[in-house]
Amino acid sequence: MNIVCATDDNFVQHCCVMLVSLLINNKGVDIYILTEGLKPTNQTIITEEVERYEGKVKFCQVDSSIIEKFPMPSIGGLSHISRATYYRLLIADLLPESVHKAIYLDCDMIINRSIDELWNTKLDGYAIAA
C-alpha cells in the first residue's frame, strides 16, 4: 500500500500523529513524504516514527521554483493554506514510476481503522478518485 502526504517543518508533529495512527491500523505501508526540504531533525523524527511501526518512508523533494509560481491566498479565512498544500498537485511527477497507485492523506487526519477497503477499491478506467 502506497501512502502519500505532504508536510513542511511547521506541520511535522501533525504528520507524525497521522502516520502513527495509519501504521497502528495498517501493515505493509510505503509512505512518500512530499516536501521542499525538512530540517534534518524533523526528517529523523518522521523516519524513526514510521520505522518504529514497521513502515517504510521515502522523502520526495518538491522543486521550490515550481511552487513559487502558485498563488497564495490573501483572504483571512484561508490563512491556513501553505505552500505544502500545493505539493499534492505534483504527485505524478514526484513518485517513482514503479508506483501505479497511491492514496493521498492529509496530515491533519487520524486513521482509526484499516484502509484496506479503500486501497482495494477498483479504479479500472479512472485516472483518479476522490
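Look up a bit, the structure's there.
**Q** Can you walk me through the pairing of strand E2 (residues 30-35) in this structure?
**A** Along any regular strand the residues' side chains alternate between the sheet's two faces. In terms of burial, E2 is largely enclosed, as five of its six residues are buried. As judged from the five bridges shared by strand E1 (residues 2-6) and E2, these two strands associate in the parallel manner. Each bridged residue has a counterpart across the sheet, and for Asn-2 the counterpart in E2 is Asp-30. The pairing of E2 with strand E3 (residues 56-61) spans six bridges and is classified as parallel. Residue pairing in the sheet places Asp-30 in a bridge with Lys-56 of E3. Traced from E2 through helix H2 (residues 40-52) to E3, the parallel crossover comes out right-handed.

**Q** Would you explain the layout of surface pockets in this entry?
**A** The gaps left among the atoms become clear once a water-sized probe is rolled over them. Taken as a whole, the largest pocket holds about 730 Å³ of empty space. Residue composition of the lining of the largest pocket, by class: 17 nonpolar, two polar and three charged.

**Q** What is the right way to read the nonpolar core from this model?
**A** Most often, soluble globular proteins have nonpolar side chains that are buried together. Counting residues in each nonpolar core, the largest one holds 23 residues, and the members touching the most others are Ile-3, Leu-19, Leu-22, Ile-31, Ile-33 and Ile-46. Of all the secondary structure elements, the ones that give two or more residues to this core are E1, helix H1 (12-25), E2 and H2. For this core, the element with the most residues is H1, which contributes seven residues. For Leu-19, the residues in contact, after removing those within four places along its chain, are Cys-5, Ile-31, Ile-33, Ile-46 and Val-50.

**Q** For this particular structure, what's the right way to read the side chain of Ser-21?
**A** Position of Ser-21 relative to the elements: it lies in helix H1. Contacts of Ser-21, omitting those with residues within four sequence positions, involve Met-109, Ile-110 and Ile-111.

**Q** Quick question: what am I supposed to make of H2 here?
**A** Residues lying three or four places apart along an α-helix face the same way, a consequence of the helix completing one turn every 3.6 residues. Helix length check: H2, at 13 residues, gives a terminal C-alpha distance of 18 Å against a target of 18 Å (1.5 Å per residue), a fit within 8%. By the burial criterion, the buried members of H2 are Asn-42, Ile-46, Thr-47 and Val-50. Projected down its long axis, H2 shows its buried positions confined to an angular sector of 135°, all on one face. Exposed residues lying more than 90 degrees from the buried face of H2 are Pro-40, Thr-41, Glu-51 and Arg-52. Residues of H2 that are buried sit in contact with H1, E2 and E3.

**Q** Can you walk me through the packing of aromatic side chains in this structure?
**A** Think of a pair of aromatic rings as described by two things: how far the centres are apart, and how the planes are tilted against each other in angle. If you walk through the whole model with that rule in mind, you get zero aromatic pairs. Across from the ring centre of Trp-119, 4.9 Å away, lies the NZ or CZ of Lys-101, which sits over that ring.

Parameters at a glance
- Along every chain, residues carry numbers that run from 1 in the direction the sequence is written.
- This being a predicted model, a pLDDT of at least 70 is required before a residue's local features are given, and a value of 80 or more before pairs of side-chain atoms are given or counted; all residues contribute to the totals for chains, interfaces and linings.
- Computation of side-chain values covers all heavy atoms of the structure but excludes hydrogens and water.
- Working definition: with a 1.4 Å probe on protein chains only, accessible area under 20% of the residue-type maximum means buried, over 50% means exposed, and in between means partly exposed.
- Note on conventions: DSSP H or I runs of at least 4 residues are helices, E runs of at least 2 residues are strands, and numbering of each starts at the N terminus.
- Pairing between strands is defined by DSSP: at least two bridges between them are needed.
- Here a crossover is taken to be right-handed if, once the strands point away from the viewer, the path from the first strand over the helix to the second is traced clockwise.
- Within this scheme a cavity is a closed region of a 1 Å grid, computed over the protein atoms alone, that accommodates a 1.4 Å probe without allowing it to escape, whereas a pocket is open but has protein on both sides within 12 Å along at least five of seven lines; lining residues each have an atom within 4 Å of a point.
- Grid points are joined across faces, edges and corners, and a volume is the space filled by probe spheres set on the points.
- Classification convention: Asp, Glu, Lys, Arg as charged; Ala, Val, Leu, Ile, Met, Phe, Trp, Tyr, Cys, Pro as nonpolar; all other residues, Gly among them, as polar.
- To define a nonpolar core, start from buried Ala, Val, Leu, Ile, Met, Phe, Trp, Tyr and Cys residues and group those joined through side-chain atoms within 4.5 Å.
- Should any heavy atoms of two residues lie within 4.5 Å, those residues are counted as being in contact.
- Here, expected helix span is obtained from the residue count minus one, scaled by 1.5 Å.
- By arc we mean the arc of the directions from the helix axis to the C-beta atoms, nothing more.
- Pairing of aromatic rings covers Phe, Tyr and Trp, the last counted by its six-membered ring, and requires centre-to-centre distances within 6.5 Å; plane angles under 30 degrees mean stacked, over 60 mean edge-to-face, and any other angle means tilted.
- By the criterion adopted, a ring carries a charge over it if an Arg CZ or a Lys NZ lies within 6 Å of its centre and within 35 degrees of its normal.

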